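One-letter residues, chain by chain:
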Amino acid sequence: MVSTPYETVIGIEVHAQLKTVSKMFCSCPTSAADGQADEPNRRVCPICLGMPGTLPVINRRAVELVMLTGIALGCHIETDAVRFERKNYFYPDLPKGYQISQYALPLCSNGRLSVPVASEEADVSIGITRAHLEEDTARLQHGGRGYSLVDFNRAGVPLMEIVTEPDIRSPAQARAYGETLRDILRYIGASDGDMETGSMRIEGNVSLRPMGSTDFGTKVEVKNLNSFRSLEHAMEFEVARHADALERGEALVQETRGWDENAGRTIVQRSKEEANDYRYFPEPDLPPLRPSAEWVAQLRAGLPELPAARRARYVDELGLSAYDAQVLTADRELAAYFDAVVAAGIGPKAAANWVTGEFSRLLNQHAAEGLRASHVALQPAGLAELIAEVEAGRVSATNAKAVLATAFASGESPRAVIEREGLGQVSDAGFIGGEVSAVLQEFPDQVAEYRAGKQQIYGFLVGQVMKRTAGRADARLVNEELKRQLGE
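Residues numbered from 1 in each chain as written. Predicted model: local features only at pLDDT ≥ 70, side-chain atom pairs only at ≥ 80, totals over all residues. Heavy atoms only, no water.

**Quick word on the overall build of the protein**
Counting secondary structure elements, the protein contains 15 helices and 14 strands. Rg of the C-alpha trace for the protein: 29 Å, well past the compact-globule value of 23 Å for 488 residues, more than 25% over. In terms of overall dimensions, the protein has a C-alpha envelope of 90 × 65 × 50 Å along the principal axes. With 488 residues in all, the protein has 48% of them scored as buried. Working note: accessible area of the protein is about 23600 Å², and carbon and sulfur atoms make up 50% of it. (Helix = DSSP H or I, 4+ residues; strand = E, 2+ residues; numbered from the N terminus. Rg over C-alpha atoms; globule rule 2.2 N^0.38 Å. Buried < 20%, exposed > 50% of the residue type's maximum accessible area, 1.4 Å probe, protein only. Areas by Shrake-Rupley, 256 points an atom, 1.4 Å probe, with all protein chains shown as cover.)

Shown next, in the form of structure tokens:
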């Protein structure tokens, strides 16, 4: 039996909590105050609890963040009339029995995102169907004895839904799209984009069709994806499951499935709902929203440099490798730190080496504390000062790492640390010559082995000189003097 070649068709739905201070339709805070525990059902009011007689008020900042996202994705921003609608369904996490959302007239539509995929030579262009506003649901905590608890702190938090066209053709492309979108949301300040904490949730819709066909196959939606890795693996599993079923002549069912990370497979949750199942109708308590052209223009003018443009600038103008540009631009704050180091007079390549290397290593050590590059005690001018000391030969690269570790936490001037700790590099040729001579006298057997052709002994001798000088000797001068005294 000859296997039929199939084409994978994937569309992605992303829900991202917006970075606002208050909820979508009331003044309740979206997060607990700094230093306070987020106790269940404390950040609530009659509006977000869906009490009778309450009236919602639109959060202006949430509208701005969705429009800003739409601009970044090349969407059409609707300025005539944006209508909120009630999406009706009954579930314990929905206090009103409906969710205020947008359907017929979304805030943003018809966009496009160019996505780099590591396994493919050219970027993939993915259509954006819509980006719209809605309110988040409450959070259910399921007990093990047939009951569930409901925490309404999350109910009413501004939520943006971004839906793609079915333009994605592989699980790798799906993952790359999710990562690219997350980076954009972080760059423009729209969302934290943290899948681990639930501030960004992603769902994949996947189907297969015979290669060359224009008809869509039976679509399955996969939920419970808490990482981009899970998204890719879930899509891979579904592609294989669909292909196997089609080859066997089995009928596929349009349904919603969940991803079981431990088992590495999807499981059936429920039959897939259609739009008409939600009985959308206009929200009577909210008038149509009409963003002005001036408002949109103001947001467009304030759009920051996006990751793709920054990567291109780093490669084309600064001469960085595509890899260095990718690492730096993955985090807007890290990229801003790098830019500031370069602005302080350090060459782009040297700055990139230190920022993506030792600086990022120290930053990652504090990742659990939520430390970002913008909050490190050592300012970019301080790192630039340290790099300049290395380039001037006043401190060795090894000792510079120790200096950076100290200054990273304290914010102290690297020059002050070098002076206080006595870590400055020794460049006195006479002193270095004496230390080299002492090592050659101390290890005559190793010197004889080296001269007999055992080249690896050379590294041992260099190490002994550096050890005698506590790592402060200028490595270049050490090598020159050692070779001279060895008769080379």
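The rest of the description comes next.
**Brief notes about the sheet that holds strand S4 (residues 98-101)**
What the three strands build is an open sheet, ordered S4-S3-S14; its pairing is antiparallel. Of all strands in the sheet, those with a lone pairing partner are S4 and strand S14 (281-282), marking the two edges. Across two bridges, strand S3 (residues 85-88) lies against S14 in antiparallel orientation. Across the sheet, Arg86 pairs through a bridge with Phe281, a residue of S14. (Pairing = 2+ DSSP bridges.)

**Regarding unusual backbone geometry**
In the Ramachandran plot, Asn110 falls in the positive-phi region, its phi being about 55° despite a non-glycine side chain. Inspection of the secondary structure assignment puts Asn110 in strand S5 (residues 108-115). Here the phi dihedral of Asn224 falls at roughly 65°; this positive angle occurs in a residue that is not glycine. For Asn224, the location among the structural elements is in strand S11 (residues 220-225).

**Re empty space enclosed by the protein**
Applying the stated criterion across every chain yields a total of one cavity of 30 Å³ or more. The calculated volume of the largest cavity comes to roughly 50 Å³. Lining the largest cavity are Cys48, Asp93, Leu94, Pro95, Lys96, Tyr98, Glu135, Asp136, Thr137, Ala138, Ala155 and Gly156. For the lining of the largest cavity, the class distribution of residues is six nonpolar, two polar and four charged. (1 Å grid on protein atoms, 1.4 Å probe; cavity = no way out; pocket = protein on both sides within 12 Å on 5 of 7 lines; lining within 4 Å. Points joined across faces, edges and corners; volume = space filled by probe spheres on them. Nonpolar A, V, L, I, M, F, W, Y, C, P; charged D, E, K, R; others polar.)

**A few points about the pattern of salt bridges**
This model, assessed by the stated rule, comprises 41 salt bridges. With a closest N to O distance of 3.8 Å, Arg468 and Glu442 form a salt bridge. Of this pair, Arg468 sits in helix H14 (residues 457-468) while Glu442 sits in helix H12 (residues 429-442), placing them 26 residues apart in sequence. Residue classification places Arg468 among the partly exposed positions, given a relative accessible area of 43%. Ionic contacts of the salt-bridge type, sharing partners, join the residues Glu238, Arg241, Glu255 and Arg257 into one network. (Salt bridge = Lys/Arg side-chain N within 4 Å of Asp/Glu carboxyl O.)

**Here's the deal with the packing of helix H13 (residues 444-451) against H14**
Each packed pair of helices is defined by two parameters, the angle between the axes and the distance between the axes. With their axes 9 Å apart at the nearest point, H13 and H14 run at an angle of 145° to one another. H14 is crossed by H13, and the crossing has left-handed handedness. Together, Gln446, Glu449 and Tyr450 of H13 and Ile457, Tyr458, Phe460 and Leu461 of H14 make up the contact between the two elements. (Axes fitted to C-alpha atoms, helices over the stretch in contact; angles between N-to-C directions. Left-handed = near helix turned anticlockwise from the far one by under 90°. Contact = heavy atoms within 4.5 Å.)

**Notes on the packing of aromatic side chains**
Throughout the structure, instances matching the rule amount to ten aromatic pairs. Taking the centre distance of 4.3 Å and the plane angle of 10° together, the rings of Tyr103 and Tyr280 count as stacked. Here Tyr280 lies in the loop between strand S13 (265-271) and S14 and Tyr103 lies in the loop between S4 and S5, a separation of 177 residues in the sequence. Among the residues examined, Tyr103 registers a relative accessible area of 38% and is labelled partly exposed. Using a relative accessible area of 22% as the deciding quantity, one classes Tyr280 as partly exposed. With a centroid separation of 5.8 Å and 40° between ring planes, the pair formed by Tyr450 and Tyr458 is classed as tilted. Both residues of the pair, Tyr450 and Tyr458, belong to the buried class. The ring of Trp295 carries the charged tip of Arg60 above its face, separated from the ring centre by 4.1 Å. Positioned above the aromatic ring of Tyr98 is the side chain of Lys96, whose terminal nitrogen or guanidinium carbon lies 5.6 Å from the ring centre. (Phe/Tyr/Trp six-rings, centres within 6.5 Å; stacked < 30°, edge-to-face > 60°. Lys NZ or Arg CZ within 6 Å of the ring centre and 35° of its normal.)

**Here we look at the confidence of the model for the protein**
Looking at the protein as a whole, the pLDDT averages 91, with 98% of positions reaching at least 70. Element-level mean pLDDT values for the protein span from 81 in helix H15 (residues 475-485) up to 98 in helix H1 (residues 60-72). (pLDDT = per-residue confidence, 0-100.)

**Some words on the nonpolar core**
One finds Ile12, Ile162 and Tyr177 to be the most contacted residues of the largest nonpolar core, which totals 64 residues. With eight residues, the single largest contributor to this core is H1. In this structure Ile12 touches Ile162, Val163, Thr164, Ile168, Ala174, Tyr177, Ile202, Glu203, Gly204 and Leu231, once residues within four positions along its chain are discounted. Listed in part, the 35 residues of the second largest apolar core include Ala325, Val341, Val395 and Ala407. (Core = buried A, V, L, I, M, F, W, Y, C linked by side-chain atoms within 4.5 Å.)

**Focus: the pairing of strand S9 (residues 158-164)**
When you tally the buried positions in S9, you get seven out of seven residues, the bulk of the element. In terms of strand pairing, strand S1 (residues 6-17) meets S9 through five bridges, oriented antiparallel. Bridge assignment links Val14 to a residue of S9, and that residue is Ile162. Taken together, the seven bridges between strand S6 (residues 124-135) and S9 define a ladder with antiparallel strand orientation. What sits directly across from Arg130, in S9, is Val163.

**Examining the packing of H1 against helix H4 (residues 293-301)**
Following both chains from N to C, one finds H1 and H4 inclined at 65°, their axes separated by 10 Å at the closest point. Classified by chirality, the crossing of H4 by H1 is right-handed. Side by side, H1 and H4 meet where Arg60, Val63, Glu64, Met67, Leu68 and Ile71 of the first sit next to Trp295, Val296, Leu299 and Arg300 of the second.

**A closer look at the sheet that holds S5**
Spatially, S2-S5-S6-S9-S1-S10-S11-S12-S13 is the arrangement adopted by the nine strands of the open sheet, whose pairing is mixed. A single partner strand is all that each edge strand has here, and the edge strands are strand S2 (76-77) and S13. Note: S5 against S6, seven bridges, orientation antiparallel. Within S6, the position partnered with Gly111 by the bridge is Ile128. Along the sheet, helix H2 (residues 171-187) contacts S1, S5, S6, S9 and strand S10 (200-210); its crossing angle with S5, the most-contacted strand, is approximately 110°.

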